[in-house]
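Topology and contacts: notes
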Amino acid sequence: MKSTVAAIALAFSVFVGLPTTSFAGSEDIVVEDAWARASIGINRPGAAYMTLRNTGTDPVTLVELETPLAMMPDIHETKTDANGVSSMGPVGEITIPAGESVALEPGGMHAMLMRLQTKMVEGETFPLRLNFADGGTLTVDVPILGIAARGPEG
Amino acid sequence: MSRRNLFTYGAAVTVALALALFIGWWRVDGPGAPEPVAQRPLPLTQMEFQMTDQGGETVGPASLLGNPSMVFFGFTYCPDVCPTTLSDISGWLDDLGEAVAEMNVVFITVDPERDTVDAMAEYVSYFHPAIQGWSGTLEETARAAEGFRASYEKVATDGDYTMNHTASVFLFDAEGQFASIIDYHEPREFAAPKIRRVLARAEEETS
């Protein structure tokens, strides 16, 4: 039973992690543990998190995000200074070194979903397209968890 | 070198050493010392501000006296730090169980223009039921932040704005004395013991 679940999970992760076309580098990116929080209405920006793993031998650069859910998706980073003051701003491109992972996680980087077009409803998913510097793209189905979720497990 | 020259040389070295020590003292402990980076919040009894809680009641620092309190600043249009802090706090409260029944847990918005009483009420309803949401006027918000030695700043983004703000969680004892701080930096597992200490102190004082 457990192995069946694992097999399905593996098959699913392979499926969501499959690039649409073959390009130098970006086809080696595997997205794991993608999740987002539900939103209250559409006025507040949403956030999505995931781990980008580069299984290849070349560094890969993520340059842009696209989703029908939000007009302005962008990678943002939260920084907290020595006085405990947190600020947030766009990070631009993210390079995932060969054989390494970059985590988008609470308190660090996140996919900031600005100008939501629809409410993010718990239990639903939304497609998030990652555009890489080599022209490759990867579309991830991001599960929407509760507003109080702390990680991919809820 | 004559004895006299040796003496002059020795005196010069002594003076130089004393001067170096004095400069060191001046800059580290003396009047020239830099201001401590993060100042401690005032006791709740010395703060003065008025806000409205999620139920529409008028509240202020005096409302928190009598029980230990946990207070933090944020805003509901914050996609990352604030829901994370609220979820973390909800988790700590769940872990502490019955012990926190008497604790005040207050989320104060630094963005009252968007975070109306209704907005705060809806937002906090998604987290642990002990968490209150306070909203005040811009002026009262500034007074509250001053008392807690917290800072915040409106930052324009593309046609919108976000808020930079102190993300630490402040702990006070039942008398309103500042007890401890939970930094956003620190590993989250250190938080529950800090809260437990404040709660234990409150119990000792009442028994």
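The shown structure was predicted, so the numbers you read here are calculated from the model rather than taken from an experiment.

**Let's talk about the overall build of chain B**
Secondary structure assignment for chain B yields five helices and nine strands. Carbon and sulfur atoms form 54% of the exposed surface of chain B, whose accessible area is close to 10,900 Å².

**A look at the overall build of chain A**
Summing up its helical and strand segments, chain A has one helix and 10 strands in all. Written out in order from the N terminus, the α and β elements of chain A read α-β-β-β-β-β-β-β-β-β-β. Here chain A holds 154 residues, and the buried ones make up 46% of them. Of the contacts made within chain A by residues no fewer than 6 positions apart, 67% connect residues no fewer than 24 positions apart. Summed over its atoms, the accessible surface of chain A is roughly 7,400 Å², and 56% of this surface lies on carbon and sulfur atoms.

**Details of the environment of Ala 121 of chain B**
Tracing the backbone through its elements, the reader meets Ala 121 of chain B in helix H3 (residues 117-124). The exposure class of Ala 121 of chain B is partly exposed, given its relative accessible area of 23%.

**Focus: the packing of aromatic side chains**
All names here are of chain B. Here the structure, examined in full by the defined rule, presents 10 aromatic pairs over all chains. Taken together, Phe 49, Phe 73, Trp 134, Phe 148, Phe 170, Phe 172 and Phe 178 form an aromatic cluster joined through their ring pairs. Here Arg 114 stacks its cationic end above the ring of Tyr 161, 3.7 Å away from the centre of that ring. Residue placement shows Lys 154 over the ring face of Tyr 161; its charged tip is 4.3 Å from the ring centre.

**Comments concerning unusual backbone geometry**
Residues and elements named next belong to chain A. Positive phi values are uncommon outside glycine, yet Asp 33 reaches one of about 55 degrees. When you line up the elements, Asp 33 lands in strand S1 (residues 29-37). Phi at Arg 115 is positive, roughly 55 degrees, even though this residue is not glycine.

**Let's talk about the UniProt feature "transmembrane region" (unreviewed entry) in chain B**
Here the UniProt feature "transmembrane region" (unreviewed entry) sits at residues 7-26 of chain B. In residues 7-26 of chain B, helix accounts for 100% and strand for 0%; the two terminal C-alpha atoms are 28 Å from one another.

**Notes on the state of the cysteines**
Residues and elements named next belong to chain B. Summed over all chains, the structure comprises one disulfide over all chains. Disulfide partner of Cys 78: Cys 82, at an S-S distance of 2.4 Å. On the sign convention where negative means left-handed, the S-S torsion of about 100 degrees between Cys 78 and Cys 82 marks this disulfide as right-handed. Grouping residues by exposure puts Cys 78 and Cys 82 together as buried.

**Section: the pattern of salt bridges**
Opposite charge on two side chains allows them to pair when their charged atoms are near. Using the criterion set out here, one finds eight salt bridges over all chains in the structure. Notably, a salt bridge pairs Glu 32 of chain A with Arg 53 of chain A, separated by 2.8 Å at the nearest N-O pair. Residue Glu 32 of chain A is located in strand S1, and its partner Arg 53 of chain A is located in strand S2 (residues 46-54); the two are separated by 21 residues in the primary sequence. On the basis of relative accessible area, Glu 32 of chain A is assigned to the partly exposed category, the value being 27%. For Arg 143 of chain B, the salt bridge identified is with Glu 48 of chain B, shortest N-O distance 3.7 Å. Of this pair, Arg 143 of chain B sits in helix H4 (residues 138-148) while Glu 48 of chain B sits in the loop between helix H1 (3-28) and strand S1 (51-52), and the two are 95 residues apart along the sequence. When its relative accessible area of 36% is taken as the criterion, Arg 143 of chain B is described as partly exposed. What makes Glu 48 of chain B exposed here is its relative accessible area of 58%. Bridged by salt links that share partners, the residues Glu 48, Glu 140 and Arg 143 of chain B form one connected network.

**Let's talk about H4 of chain B**
All names here are of chain B. Within H4, burial applies to Glu 140, Thr 141, Ala 144, Ala 145, Gly 147 and Phe 148. Buried residues of H4, viewed axially, fall in a sector of 160 degrees; they line one side. Among the exposed residues of H4, those oriented more than 90 degrees off its buried face are Leu 138, Glu 139 and Glu 146. Considering only its buried residues, H4 is in contact with S1, strand S3 (69-74), strand S4 (104-109), strand S6 (152-157) and strand S8 (169-172). Among the residues trailing H4, Arg 149 stands out with phi positive, at a value near 55 degrees.

**Let's talk about the pairing of strand S4 (residues 70-80) of chain A**
The side chains of a regular strand alternate between the sheet's two faces. Residues and elements named next belong to chain A. In terms of strand pairing, S4 meets strand S8 (residues 109-116) through seven bridges, oriented antiparallel. Bridge pairing in S8 links Ile 75 to Ala 111. In this structure, S4 lies alongside strand S5 (residues 85-90), joined through five bridges in antiparallel fashion. Across the sheet, residue Thr 78 finds its bridge partner in S5, namely Met 88. Hairpin connection from S4 to S5: four residues lie between these consecutive antiparallel strands, with Gly 84 at a positive phi of about 80 degrees.

**Looking at the pairing of strand S10 (residues 137-145) of chain A**
Residues and elements named next belong to chain A. Where S1 meets S10, two bridges bridge the pair, whose relative direction is parallel. Considered in S10, the bridge of Arg 37 is made with Leu 145. Inspection of the sheet shows strand S9 (residues 125-132) paired to S10 by seven bridges, in the antiparallel sense. Counterpart to Leu 128 in the pairing with S10 is Val 140.

So, how was this worked out
Residues numbered from 1 in each chain as written. Chains lettered and ligands numbered in written order. Predicted model: local features only at pLDDT ≥ 70, side-chain atom pairs only at ≥ 80, totals over all residues. Heavy atoms only, no water. Helix = DSSP H or I, 4+ residues; strand = E, 2+ residues; numbered from the N terminus. Areas by Shrake-Rupley, 256 points an atom, 1.4 Å probe, with all protein chains shown as cover. Buried < 20%, exposed > 50% of the residue type's maximum accessible area, 1.4 Å probe, protein only. Contact = heavy atoms within 4.5 Å. Phe/Tyr/Trp six-rings, centres within 6.5 Å; stacked < 30°, edge-to-face > 60°. Lys NZ or Arg CZ within 6 Å of the ring centre and 35° of its normal. UniProt positions renumbered as here; feature names shortened; annotations may be inferred. Disulfide = S-S within 2.5 Å. Salt bridge = Lys/Arg side-chain N within 4 Å of Asp/Glu carboxyl O. Arc of directions from axis to C-beta. Pairing = 2+ DSSP bridges.

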